[in-house]
Structure formats: C-alpha cells, structure tokens
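Structural description and commentary
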Amino acid sequence: MSTLTTTNVRVSNIQNSTGTTAFTIDASGRVRNNTFPYFFATRTTSADLSIANTNLIPFPDIKHNRGNVYDGSTFTAPITGVYMFHVKTLTPSDTNQLDLRWYRNGAQDTTLGAGYAGNWSGHKTMIGFLLTELQANDTLQPRTISSPGVICCTVHNSFCGYLVG
C-alpha cells in the first residue's frame, strides 16, 4: 500500500478500487455520497388497518430505497454505523390508540424509546424518532404493542431511515 502526502488533491470524484464512485465534489466544494443507504416508504391504501399486538406497522409503498435496505416491513443495515429513523402514523378516531416499540433483530428493544398516540378525541398522530448504532445485517422494525392498533389514511403514514455515519 502506498501513502499519498500532499497539500491539495483536486478531484471531482472519489472511487473505490473497482471504479465505483463513492463521493462527488462539485465546483463549489459540496460533497455528495453517491452510495449513502436510505429509504422512504408510505402507505397509500386509504382503508383503515387493524394491527394486532406486537405486529409490524406496514409501510409497503416504497418510494426511495438506495442500497435495497428496506423490503416493505423490515430495514436491514448494510454496514455497521449510526442510523436515523422516523415513523409517523395516524389513527382513524378517538377510540383507537397506537403504541410503538422498536424491534431490533426480531425482539423488542426497550432501550430505543417509543412513540404513542391515544386517549384524546379525534385523530391521533404517533411520531417516533430513533438514532441508534446498528451492526451490519441488524434489522429494525416499527411495531405496535396496542391491541389492536389501528392506522388510517394514506399521506399520514410514513417510515424512513438513513445512515448518519
């Protein structure tokens, strides 16, 4: 292996040894990671969905999925790193609640926090955020521990995640 020592390196792209571009640098010096894994998924069905206790909260309509990291129900970490996740749902009425828990590798991980929507009148929004370190091939899923948890509508339901570093 050689060592490069210099004051300035002037390049537009940084590639690995097989020629895959990992970073692009534009004329203003902004750096873009071209292989950064991320996903964004929603639920486009307008019918209410009842979800039994400990079942997945599904987001089957995948809008973005760089790195093929999300399959409609489960995120799989492609590499070890810190990841950010956001999940948002809406209940259809004041009689429904949704109590979110994060499941890592198929088991509830109570160290990761939670989200909750319930016990007041009208629609309830449940929002959950998570910043956590995952190992390569760890899985993550948002699940409800409500029985049943009910979500409604279309644009009010989304799940996304991405590698922070």
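Residues numbered from 1 in each chain as written. Predicted model: local features only at pLDDT ≥ 70, side-chain atom pairs only at ≥ 80, totals over all residues. Heavy atoms only, no water.

**As for the overall build of the protein**
- Of regular secondary structure, the protein possesses zero helices and 15 strands.
- Counting over 165 residues, the protein shows a buried share of 35%.
- In the protein, 71% of the contacts between residues at least 6 apart in sequence involve partners at least 24 apart.
- Total accessible area on the protein is roughly 9,100 Å²; 51% of this is exposed by carbon and sulfur atoms. (Helix = DSSP H or I, 4+ residues; strand = E, 2+ residues; numbered from the N terminus. Buried < 20%, exposed > 50% of the residue type's maximum accessible area, 1.4 Å probe, protein only. Contact = heavy atoms within 4.5 Å. Areas by Shrake-Rupley, 256 points an atom, 1.4 Å probe, with all protein chains shown as cover.)

**A closer look at the packing of aromatic side chains**
- Overall, the coordinates contain twelve aromatic pairs when judged by the stated rule.
- These aromatic residues form a ring-pair network of at least three members: Phe-39, Phe-59, Tyr-70, Phe-75, Tyr-83, Phe-85, Trp-102 and Phe-159.
- The ring of Tyr-103 has Arg-143 sitting right over it, with the charged end atom 4.4 Å from the ring centre. (Phe/Tyr/Trp six-rings, centres within 6.5 Å; stacked < 30°, edge-to-face > 60°. Lys NZ or Arg CZ within 6 Å of the ring centre and 35° of its normal.)

**A word on the pairing of strand E9 (residues 98-104)**
- The buried count for E9 comes to seven of seven residues, which makes it a mostly enclosed element.
- Burial along E9 is two-sided: Leu-98, Leu-100, Trp-102 and Arg-104 facing one way and Asp-99, Arg-101 and Tyr-103 facing the other are all buried.
- Note that E9 and strand E13 (residues 139-144) share five bridges and pair antiparallel. Paired with Trp-102 across the two strands is Pro-142, which belongs to E13.
- Strand direction decides the pairing type here: E9 and strand E10 (residues 107-108), joined by two bridges, are antiparallel. Looking at the pairing, Arg-104 lines up with Ala-107 of E10.
- Linking two consecutive strands that pair antiparallel, namely E9 and E10, is a turn of two residues; a positive phi of about 55° is found at Asn-105 within it. (Pairing = 2+ DSSP bridges.)

**Focus on the pattern of salt bridges**
- A full pass over the atoms with the stated rule returns two salt bridges.
- Note that Asp-26 and Arg-30 form a salt bridge whose closest N and O atoms lie 2.7 Å from each other.
- Its salt-bridge partner being Arg-104, residue Asp-109 comes within 3.0 Å of it at the nearest N-O pair. In terms of burial, Asp-109 and Arg-104 fall into one category: buried. (Salt bridge = Lys/Arg side-chain N within 4 Å of Asp/Glu carboxyl O.)

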